[in-house]
Amino acid sequence: MDDQKEDPPVLEVVQEFKSFAEFEEALQRYQKHNYCLFLRRRSNLCKDNSELKYTNARYECKHFGSKRDNPNLTGERPMQKSYKIGCKAFLYLSLKPKLQRLVVDRFQPEHNHPCSKVTYEGYPEVRRMSRDTIKSVQEFTKLKAKPILIKPLVKAREGDKIILSRDISNVRTKQIRDERQGRSEEEMLLAALN
Ligand SMILES: [Zn+2]
């Protein structure tokens, strides 16, 4: 059993999955082991089987694509630092209707950049805090604790994950927005007066 655990996780062409959840788990393990991050860029939902979820899905390395890409199309804010450095690593998953399985159709696992623990753990997608931690940040926010005081507590909960003060501020900002339920300041004022 222990030996099996130490085997590097496999992700390769013709590999089959009984469900999308099973694929996601394999991808997660592969990414954690190889310090790389693939993001789902294009996909088509499978209408008749929610377990398989997609008829096809294309994953690209976070560094896929050139810097010149139109920011309006990638959804990135113009001032945001671009991760795109022309990496060509991608994976294409597709549903084989006869098998009722998801299959890795194409996989290009080579990156044009180093994949290190430091860069991997710095990706915002990897930094994302667990639901429980987010909850406790919200509790402390209600008590009006400053992010600088919350940070060590988050660190203790999330182990060796990189947590930036910005991540904590983002949780707080979202909480305030949720509490206002999308109402404008004017609407909030009117509600308070009534
Ligand atoms: Zn890459």
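Note that this is a predicted model, so its numbers are computed, not measured. (Residues numbered from 1 in each chain as written. Predicted model: local features only at pLDDT ≥ 70, side-chain atom pairs only at ≥ 80, totals over all residues.)

Q: Is there a simple way to explain the pairing of strand β3 (residues 54-61) in this structure?
A: Sheet faces and side chains relate simply in a regular strand, where the side chains alternate between the two faces. Bridging between strand β2 (residues 38-45) and β3 involves 7 bridges; their strand directions are antiparallel. Across the sheet, R40 pairs through a bridge with Y59, a residue of β3. Sheet topology note: the β3/strand β4 (residues 90-96) ladder contains 5 bridges and is antiparallel. Looking across to β4, one finds that Y59 is bridged to L91. (Pairing = 2+ DSSP bridges. Helix = DSSP H or I, 4+ residues; strand = E, 2+ residues; numbered from the N terminus.)

Q: Help me out: how do you make sense of helix α2 (residues 20-34) in this one?
A: Count 3.6 residues to each turn of an α-helix, and residues three or four apart come out pointing the same way. Between its first and last C-alpha atoms α2 spans 21 Å; for 15 residues at 1.5 Å apiece the expected length is 21 Å, and the two agree. Just downstream of α2, Y35 is the residue with a positive phi angle, here 55 degrees. (Expected span 1.5 Å × (residues − 1).)

Q: Please explain the sheet that holds β2 as it appears in this structure.
A: With respect to topology, 5 strands assemble into an open sheet ordered β1-β5-β4-β3-β2, the strand pairing being antiparallel. Either end of the sheet is taken by a strand with one partner, and the two such strands are β1 (16-17) and β2. Relative to strand β5 (residues 101-108), β1 runs antiparallel, the two being bridged by 2 bridges. Note on β5: the bridge partner recorded for E16 is V103.

Q: Help me understand the packing of helix α6 (residues 131-142) against helix α7 (residues 147-158), please; the structure alone is not making it clear to me.
A: The relative placement of two packed helices comes down to the angle between their axes together with the axis-to-axis distance. Taken N-terminus to C-terminus, the directions of α6 and α7 make an angle of 160 degrees; their axes are 10 Å apart at the nearest point. If you check the angle between α6 and α7, you find them roughly antiparallel. At the point where α6 passes α7, the crossing takes the right-handed sense. The segment α6 lies against α7, with T133, S136, V137 and F140 engaging I150, L153, V154, R157 and E158. Looking at the contact of α6 with α7, its residues break down into 5 nonpolar, 2 polar and 2 charged. (Axes fitted to C-alpha atoms, helices over the stretch in contact; angles between N-to-C directions. Parallel < 35°, antiparallel > 145°, perpendicular 65-115°, else oblique. Left-handed = near helix turned anticlockwise from the far one by under 90°. Contact = placed C-beta atoms within 7 Å. Nonpolar A, V, L, I, M, F, W, Y, C, P; charged D, E, K, R; others polar.)

Q: For this particular structure, what's the right way to read the confidence of the model for the chain?
A: Low-pLDDT portions of the prediction should not be read for the details of their coordinates. For the chain, the mean per-residue pLDDT works out to 86, and 87% of the residues sit at or above 70. Across the chain, element-level confidence peaks in β5 with a mean pLDDT of 98 and bottoms out in helix α1 (residues 2-6) with 54. (pLDDT = per-residue confidence, 0-100.)

Q: Looking at this model, I keep getting lost on α6. Mind explaining?
A: For α6, built from 12 residues, the straight-helix expectation of 16 Å at 1.5 Å per residue is met to within 8% by its first-to-last C-alpha distance of 17 Å. Of the residues making up α6, those classed as buried are T133, V137 and T141. Projected onto a plane normal to the axis of α6, the buried residues spread over an arc of 85 degrees and lie on a single side. Opposite the buried face of α6, at more than 90 degrees from it, the exposed residues are R131, D132, K135, E139 and K142. For α6, the secondary structure elements touched by its buried residues are α7 and α8 (165-180). Following α6 by one or two positions, K144 has its phi on the positive side, about 65 degrees. (Buried ≥ 20, exposed ≤ 12 C-beta atoms within 10 Å, placed from the backbone. Arc of directions from axis to C-beta.)

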